[in-house]
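For reference, the chains in residue letters:
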Amino acid sequence: ICDVAMTGCRLISPIPVPVNTYLELWLQISPTVPPILVELAGVRWAGDRELGIEFLALRREHIVKLKEIIEWPFSTE
């Protein structure tokens with residue numbers, strides 16, 4: 001997984017996945033951080049071993065954790 005944002009990510013995959021495929025994703029950020037569940041994600045574009053994924057449904061606690069991870073390098077804490 002690359003280029004993670006609150007609205008989606010770029011996924012590198014050797015398996016081709018058609019546009020408009022809907023998935024459930026578990027984002028494992030690191031071995032020490034619990035995975036984030038994206039209950040519903042849609043493939044919005046597909047290229048050579050890359051997919052553009054839009055996050056469509058996440059639970060509140062997973063949204064909060066994703067935001068913390070995305071903003072972590074810029075945090076003042």
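Residues numbered from 1 in each chain as written. Predicted model: local features only at pLDDT ≥ 70, side-chain atom pairs only at ≥ 80, totals over all residues. Heavy atoms only, no water.

A.B. asks: Before we go on, may I ask you to explain the overall build of the protein in this structure?
C.D. replies: When its secondary structure is counted, the protein shows one helix and five strands. Listing the helices and strands of the protein from first to last along the sequence gives β-β-β-β-β-α. A compact globule built from 77 residues would reach a C-alpha radius of gyration of about 11 Å, and the protein, at 13 Å, matches this within 12%. Within the protein, the fraction of its 77 residues that count as buried is 27%. Across the protein, every contact between residues at least 6 apart in sequence was considered, and the portion connecting residues at least 24 apart equals 46%. When the accessible surface of the protein is split by element, carbon and sulfur atoms take 59% of a total near 5400 Å². Charge-centre separation for the protein: the mean point of 7 positive side chains lies 1 Å from the mean point of 10 negative side chains. (Helix = DSSP H or I, 4+ residues; strand = E, 2+ residues; numbered from the N terminus. Rg over C-alpha atoms; globule rule 2.2 N^0.38 Å. Buried < 20%, exposed > 50% of the residue type's maximum accessible area, 1.4 Å probe, protein only. Contact = heavy atoms within 4.5 Å. Areas by Shrake-Rupley, 256 points an atom, 1.4 Å probe, with all protein chains shown as cover. Lys, Arg positive; Asp, Glu negative; His and termini not counted. Charge placed at Lys NZ, Arg CZ, Asp CG, Glu CD.)

A.B. asks: Got a minute to help me understand the sheet that holds strand S3 (residues 22-27) in this structure?
C.D. replies: Paired through their backbone hydrogen bonds, the strands of a sheet run either parallel or antiparallel. Strand order in the open sheet formed by five strands is S1-S2-S5-S4-S3, with antiparallel pairing between adjacent strands. Each edge of the open sheet is held by one strand with a lone partner, namely strand S1 (2-5) and S3. Sheet twist, expressed as the mean angle between neighbouring strand axes with direction ignored, is 40°. Bridge analysis of strand S4 (residues 36-47) against strand S5 (residues 50-57) gives seven bridges, and the strand direction is antiparallel. Bridge pairing links valine 43 to isoleucine 53 in S5. (Pairing = 2+ DSSP bridges. Axes fitted to C-alpha atoms, helices over the stretch in contact; angles between N-to-C directions.)

A.B. asks: Quick question: what am I supposed to make of the nonpolar core here?
C.D. replies: Note that soluble globular proteins tend to have their nonpolar side chains buried in a common cluster. Leu25, Leu27, Val38, Leu51, Ile53, Phe55 and Leu58 are the most contacted members of the largest nonpolar core, which totals 14 residues. Every element with two or more residues in this core is listed here: strand S2 (8-12), S3, S4 and S5. Examining the composition of this core, we find that four residues originate from one element, S4, more than from any other. If near-sequence neighbours (up to four positions away) are discounted, isoleucine 53 is found in contact with Thr7, Gly8, Cys9, Leu11, Leu23, Leu25, Ala41, Gly42 and Val43. (Core = buried A, V, L, I, M, F, W, Y, C linked by side-chain atoms within 4.5 Å.)

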